[in-house]
Amino acid sequence: QVQLVESGGGLVQPGGSLRLSCTASGFTLDVYAIGWFRQAPGKEREGVSCISSSDSSTYELDSVKGRFTISRDNAKNTVYLQMNSLRFEDTAVYYCAVRPYVCYQKVLSRANDPSWGPWGQGTQVTVSS
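Parameters and conventions
- Residues numbered from 1 in each chain as written.
- Predicted model: local features only at pLDDT ≥ 70, side-chain atom pairs only at ≥ 80, totals over all residues.
- Heavy atoms only, no water.
- Helix = DSSP H or I, 4+ residues; strand = E, 2+ residues; numbered from the N terminus.
- Rg over C-alpha atoms; globule rule 2.2 N^0.38 Å.
- Buried < 20%, exposed > 50% of the residue type's maximum accessible area, 1.4 Å probe, protein only.
- Contact = heavy atoms within 4.5 Å.
- Areas by Shrake-Rupley, 256 points an atom, 1.4 Å probe, with all protein chains shown as cover.
- Lys, Arg positive; Asp, Glu negative; His and termini not counted.
- Charge placed at Lys NZ, Arg CZ, Asp CG, Glu CD.
- Pairing = 2+ DSSP bridges.
- Axes fitted to C-alpha atoms, helices over the stretch in contact; angles between N-to-C directions.
- Disulfide = S-S within 2.5 Å.
- Salt bridge = Lys/Arg side-chain N within 4 Å of Asp/Glu carboxyl O.

(A) Structural context of the overall build of the chain. Counting its regular elements, the chain contains one helix and ten strands. Secondary structure elements of the chain, listed N to C terminal, follow the sequence β-β-β-β-β-β-β-β-β-α-β. For 129 residues, the compact-globule estimate of 2.2 N^0.38 gives 14 Å, and the C-alpha radius of gyration of the chain, at 13 Å, lies within 12% of that figure. C-alpha atoms of the chain, sized along the principal axes, occupy 40 × 25 × 25 Å. With 129 residues in all, the chain has 43% of them scored as buried. Taking as baseline every contact in the chain between residues at least 6 positions apart, the subset at least 24 positions apart corresponds to 62%. Surface exposure of the chain reaches about 6500 Å², of which carbon and sulfur atoms provide 48%. Positive and negative side-chain charges in the chain, numbering 12 and 11 respectively, have mean positions lying 2 Å apart.

See the structure below:
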């Protein structure tokens with residue numbers, strides 16, 4: 001069974017922090033790029049951040065630069081998204097997905113690109129006062 005499972009979401013105050021995890025089972029993440037995406041109610045799914053397999057290069061959505069950090073631990077078959085200084089507009093369901101080998105800005109911005117998949121089920125992040 002090939003699966004991605006997200007965890008770590010929850011309710012947080014503005015300015016707070018969360019760390020999301022994406023863990024793979026049934027396959028290993030080491031040869032994949034991993035992306036974090038989010039979808040808020042009434043909005044399109046958007047790419048948040050991604051990390052490549054070979055050199056672990058990263059790309060981020062402009063609005064999260066300096067606040068969110070993506071990292072990977074291949075030994076644990078897990079990718080993390082550390083989210084700091086959270087804002088109301090960060091509220092969304094957050095999903096992880098994989099694609100072959102590399103990620104770059106353009107493909108991160110194309111959540112519907114068929115190269116992304118499989119996808120996790122998502123974890124809810126709610127930023128509220």
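The discussion continues.
(B) Summary view of the pairing of strand β10 (residues 123–127). Where burial is concerned, the two faces of β10 differ: the one with T123, V125 and V127 is buried and the one with Q124 and T126 is not. Bridging between strand β2 (residues 10–12) and β10 involves three bridges; their strand directions are parallel. Paired with G10 across the strands is V125, a residue of β10. The pairing of strand β9 (residues 92–100) with β10 spans three bridges and is classified as antiparallel. What sits directly across from Y94, in β10, is T123.

(C) Just the sheet that holds strand β4 (residues 32–39), in detail. Spatially, six strands are ordered β2-β10-β9-β4-β5-β6 in an open sheet, and the strand pairing comes out mixed. Looking at the sheet topology across the chains shown, the edges are occupied by β2 and β6 (58–60). Adjacent strand axes in the sheet meet at a mean angle of 25 degrees, parallel and antiparallel pairs treated alike.

(D) Representation of the state of the cysteines. A full pass over the atoms with the stated rule returns two disulfides. Linked covalently through their sulfurs, C22 and C96 form a disulfide whose S-S length is 2.0 Å. Measuring the twist about the S-S bond at about 70 degrees, one finds the C22-C96 disulfide to be right-handed. Note that C22 is positioned in strand β3 (residues 18–25) and C96 in strand β9, a separation of 74 residues in sequence. A sulfur-sulfur separation of 1.8 Å characterises the disulfide bridge that pairs C50 with C103. Linking C50 and C103, the disulfide has an S-S dihedral of approximately -85 degrees and is accordingly described as left-handed.

(E) Main features of the pattern of salt bridges. Counted by the stated rule, this structure contains four salt bridges. Ionic pairing is found between E46 and R38, a salt bridge with its closest N-O pair at 2.8 Å. Measuring nitrogen to oxygen at the nearest pair gives 2.7 Å for the salt bridge that ties R67 to D90. Of this pair, R67 sits in the loop between β6 and β7 (68–73) while D90 sits in the loop between β8 (78–83) and β9; the two residues are 23 residues apart in sequence, bridging distant segments of the chain. Via salt bridges that share partners, R38, E46, R67 and D90 belong to a single interconnected network.

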